[in-house]
Amino acid sequence: MERVSSGFAESVSGLIRRNGRLLLERPGQEPVEVTIRYLRPLTERTELVLLDDKGREVASVAGEDAFPEGERELVREALRLRYHLPVIRRVERVEVRFGTRYWWVDTDRGPRWFALREPGKNVTWLSPSHVVLRDTAGNRYEVQDVGALDPSSQRRIRMSL
Amino acid sequence: MTLLDPIPDGLVGSPPTGFRATVSVVGDLQAEGAFGPSWVATDGERVVALSARELPVDIPLDRITEVRVDELFGASRLVAVTEGADHTLATYSRNLVSEFAALARALDDLREGRDLQLPDEIQRATCSRCGAPLPDRGATCPRCLSRGSVLRRLLALLRPYRARVALLMLWTTLGVGATMVPPLTYKMIADRVIGAGRHAELPLWIGLMLAAFLMASGFQLLTNWANAWLGARVVADMRAMLHARAQRLHMAYHNRHESGALVGRVMNDTGELQHFLIDGVPYFVVNALTFVTIAIILLALDWRLALLVFLPVPLLVLGGAGFWRLLSPLFHKRGNRVGRLHTILSESIHGVQTVKVLGQERRRESEFDQANEQLFGVHVGVDRTFTSFFGTMSIMMALGTVLVWYAGAGSIIEGTTGIGLGTLLAFVGYMALFYGPLQWFSAVLNWATNALTAAERIFAVIDQPEEGTTRADPVNPQRVRGRIRFDRVRFSYERGREVIKGMDVEVAPGEMIGLVGKSGAGKSTIINLVSRFYDPDSGVVSVDGIDLRDVDLAAWRKQVGVVAQNPFLFNSSVLDNIRYGDPEASFERVVTAARAARAHDFICAKEDGYDTLVGDGGSALSGGERQRVAIARAILHDPPVLILDEATSAVDSETEQQIQEAISALVEGRTTIAIAHRLATLRNADRLLVIDDGRIVEQGTHEELLADEDGHFARLVRLQTEINRLRAEQSTWKE
C-alpha cells in the first residue's frame, strides 16, 4: 500500500461505493474499505484523510479536488453521512432553570431544543465570532458567525455565553 | 424492562403485515443529518427500519452476520451487516446512544438464538414527563422541579431543630415590632409634648424610644446568633450527608463526573447555601415583615400621605429587577473572564520553560494583556452599573421624601386634613425604614434562585442510588474459597461502547492468573468487575458459584485485596496506612506484614520509623516504597482473592527484586488476578490470559504462549523486548 510520508497526496482515485460500503480500489491492489474524514473538522473543512478499517491512514489530500471529478460526489456524500454538526441559524429562546440553560434553536437541520451546562467546559470559541456548543447529552451545535445572525439571536447568545 | 417505542408519524412505508415488534426504538436523525423520526424494530425473526426520507429496510435476522454501531461525528449509526453488504438501520444523535446500544445487543442476542436480555434500566437523556433534555442522563428534570419543592426539602432539614426555629421566629417578630416604635414616639413628642404642652410626658416617650431602640438591637443580636447556628447546622448536616453518599456512590458515578465537581459540590454549593440561609433568609423575612407592618401603620396614620409614600414603590421594585437583569450576565461574564485570566496565568508560569524555548514570550504577553483588558472592561461595567443603580434609586427615594414633605407640610399649614407635625415626623421616620430594603428585594430573590440551585445540585447527589446488592437478603460468605467465574460477560462504561465483549473464564481457588494485553484491551475492566465496582451489562460474574450481585457488597470487598498500580496512601503514618483496613490490628501483626512485604527494612531506616508521615497521597515515599506499603496493607488484610495491578514504571533492579519477593509472599495461597507487566510475574502465573479488544484471544502458561510464534503474546513480548533494548541503549547514552 502506498503511504504518504509527508504533506498531501497530489491525487487519489479509485473510490467506489458497493453494498453500502466505501472502497478504494487501486490498480494491482486489493480493494480497501475506507472512511473519509476532515483533518480539521471544526476550524477548516478542507483537507481530508482516508482511513482503512483499522483506522490507519491510507492517504491525506489537500481537498476534494484531489479526487477525479466523477468521484467527488461520493466524497461529498460520505462526508454528509459522517459529519453531523447542526449550524444554528436562529436562537428562538434561552431559559435558565436551576443552573441549566435551555436553548430553543433553529438549525440548518431543523428545529432543536437542548440543554447546556457548565459553559466554561462546553462552550468553545474558535474565533471571536465562531462558537461550538456541546449540550448535556454530548451533541454539538455550531454558530459560524455570531455577527451574521439576526439581532435578537445575537443578543441571546451574548447574554447567555 | 421493555424497550418498545411506538411508531412515530411521518415515516415512509410501514412494517410488513403481521409484524409484531418485541423490541423497538425511535431514532431522531435522517441519514444525511436532518432532524426527523425513524423507527427500528424486531419481532425476533426480522429487523425492520423505517425513516422519514429513506426507503424501508427489512432483513431476516438469520441473514445478519453482525450488528455494528458506527461512531460518526456528532451522531452514531446502527448498521446491520449481511454477507458482503452494510445496511444502515438508523442514524441517531447522542441523546439515544443508550437506547440503540440496548437494541444492538438485543439484535445480537436474538440473531444468535440467545434469550433476549435488556438492561434493567435505560437512563434516558430526556425527561419522560415533559420531554425536556436532562442535565445528565437519568437526572431529575429541572423543568419538572418546582422551587417550592426544593425549598420544602430544605425546610424539612430544620425539623430536628423545631424549638430553635420557633424561638428564632419569636425573636424576629419582637425585633421588628420594637423597630416600629420609635417613629411613633416622634409623633407623640411632637403632638403631645411640644404641640399640646404636656411637658411631664417627655420622660415617658423618651424612655419608650430608648427602650425600643435597645430592644430592637437586642432582638436583632439574638436573632442573628440563633440564625448563625441554625444555618451553619443545616449546612453541616447536608455536608455530612453528601460525604457519606459520595463514599457509597457507584464507581460509575465517579467516572462520569470529575472528582473536582463533587468536591466543589461538598464545599462551594454548601457554602453558597450557608451564606444564603444565614444572611439572605433573615434579611428577606425581617424586611418583608417590616414592609408590611409599616405599610399598615402608614395607612392607619393617614392614607393620603401613605399613598404618596407608596408612589415610588413600583419604580423601586421594577428598577431593582431591571438592574439585576443587567447585572447578572455581567457577573457571569466577569466569572468567565477571571477564569480565563487564571488559565493564561497558570499556563504562563507552568509552561515558562516551553515558552522560553519556543521564544513566544511576546505572544504570551499579548494574550495575557488582551484577557486582562477584557477583565478590566467588565470590572468597570459592573461598578458603573452599580453606581448608576444607587444613583437612580436615591433619586426615587428622595422623590418620595420630597413629595411627603411637600404634601404633609402643605396640609399642616392649611389645616384642612388634620395632619399634624407629629404625623409628618412619624412618616419621615418610617419612610427611611420602608424604602431602604426595597431595592434589594430583587437581589435577594436572585440570590434565592442561586441558593436553591445549589441545594438542588446537592440533593441530586444525595438522591443518587447507592451501590449494593440487587437482592434484599444478600448472601454473606464468611470466607470464600475463591473460585471466580465469568459467564458470557459483556460490559460497557458508556452505553454503546462495549469494553468486554462476551467473556467466559474460570479461575480455580488459589490459582494465579496473569492478564496480558495492550492498553485499552479490557484488563482493568476485568478487575473492576471482580472488585464489583461495576456490574456486567449481561452475563454473570460469580464467586464459588454465587452471582456477585447477590453477595453482600461490604462482605465481598473484605474478601478482595487490591494492590493498585499507583496505590493511594492516606496522609497519615506508615503504621496507619498499613492497618487502614483493620485499625484494631496489633502492632506485631503490622510488623509481620511489613516484613513479608519487604517494607520493614526501609521503614526502620526512616528517622520516624513506623510513625513516618507519608505525606499527601504518599508523596514523602518513593514509588517502590509506596507499593510495598500497599502490599503490606494487602497482606495484613489477608483476603482469599487478590487483585494486583502491577506498576509499569521502571524501578532499579534491587527494588524490583524486593517488590517481586513481596508479591510472591502476597499471592501465596490466594486466588490472584494480576495485570502483569513484569517478566517474573508472567513466569510465576499459573495461566496467562491474553486480552484483545474485550475478548480472551489466547491462554496458557508463559512457555506455551511463547512457543506460538505467530500468537498475540509472542508478538507483544517481541515488541516489549525491543522497547526495553531501546531504553537500555538510551540509558547507556546518558551515562
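### So, the packing of aromatic side chains
In this description, a pair of aromatic rings is defined by centroid distance and the angle of the planes. Throughout the structure, instances matching the rule amount to 22 aromatic pairs over all chains. Seen from their ring centres, Tyr92 of chain B and Phe100 of chain B are 4.0 Å apart, and the 5° between their planes marks the pair as stacked. When sorted by exposure, Tyr92 of chain B lands in the same class as Phe100 of chain B, which is buried. The interplanar angle of 10° and the centroid separation of 3.8 Å between the aromatic rings of Phe323 of chain B and Phe389 of chain B together place this pair among those described as stacked. Placement of the pair is Phe323 of chain B in helix H8 (residues 313-350) and Phe389 of chain B in helix H10 (residues 361-414), with a sequence separation of 66 residues. In terms of burial, Phe323 of chain B and Phe389 of chain B fall into one category: buried. Grouping aromatic residues by their ring pairs yields a cluster made of Phe291, Phe310, Phe434 and Tyr435 of chain B. Just above the ring of Trp104 of chain A sits the side chain of Arg93 of chain A; from NZ or CZ to the centre is 4.0 Å.

### Focus: helix H3 (residues 151-160) of chain A
Within the sequence span of H3 of chain A, burial applies to Ser153, Gln154, Ile157 and Ser160 of chain A. Projected down its long axis, H3 of chain A shows its buried positions confined to an angular sector of 145°, all on one face. Lining the buried residues of H3 of chain A we find strand S6 (88-97), strand S7 (100-107) and strand S11 (140-143) of chain A together with H8 of chain B.

### Some points on the domain arrangement of chain B
You'll often see interface size given as the accessible area lost when the parts meet. The assigned domain composition of chain B is domain 1 (1-138), domain 2 (145-302 + 442-465), domain 3 (303-418) and domain 4 (484-734). Each of domain 1 of chain B and domain 3 of chain B has a C-alpha centre, and the two are 52 Å apart.

### A few points about the domain arrangement of chain A
For chain A, the assigned domains are domain 1 (15-82) and domain 2 (88-160). Summarising the inter-unit geometry, the C-alpha centres of domain 1 of chain A and domain 2 of chain A are found 31 Å apart.

### Here's the deal with the packing of helix H3 (residues 162-195) of chain B against helix H4 (residues 202-248) of chain B
Residue and element names in this part refer to chain B. Remark: H3 packs on H4, axes separated minimally by 8 Å, with the N-to-C direction vectors making an angle of 160°. As the angle between them shows, H3 and H4 are arranged roughly antiparallel. In the packing of H3 onto H4, the handedness of the crossing is left-handed. Here the residues of the contact of H3 with H4 sort into 25 nonpolar, six polar and two charged.

Definitions and limits used
Residues numbered from 1 in each chain as written. Chains lettered and ligands numbered in written order. Predicted model: local features only at pLDDT ≥ 70, side-chain atom pairs only at ≥ 80, totals over all residues. Heavy atoms only, no water. Phe/Tyr/Trp six-rings, centres within 6.5 Å; stacked < 30°, edge-to-face > 60°. Buried < 20%, exposed > 50% of the residue type's maximum accessible area, 1.4 Å probe, protein only. Helix = DSSP H or I, 4+ residues; strand = E, 2+ residues; numbered from the N terminus. Lys NZ or Arg CZ within 6 Å of the ring centre and 35° of its normal. Arc of directions from axis to C-beta. Contact = heavy atoms within 4.5 Å. Domains from an automatic or database assignment. Axes fitted to C-alpha atoms, helices over the stretch in contact; angles between N-to-C directions. Parallel < 35°, antiparallel > 145°, perpendicular 65-115°, else oblique. Left-handed = near helix turned anticlockwise from the far one by under 90°. Nonpolar A, V, L, I, M, F, W, Y, C, P; charged D, E, K, R; others polar.

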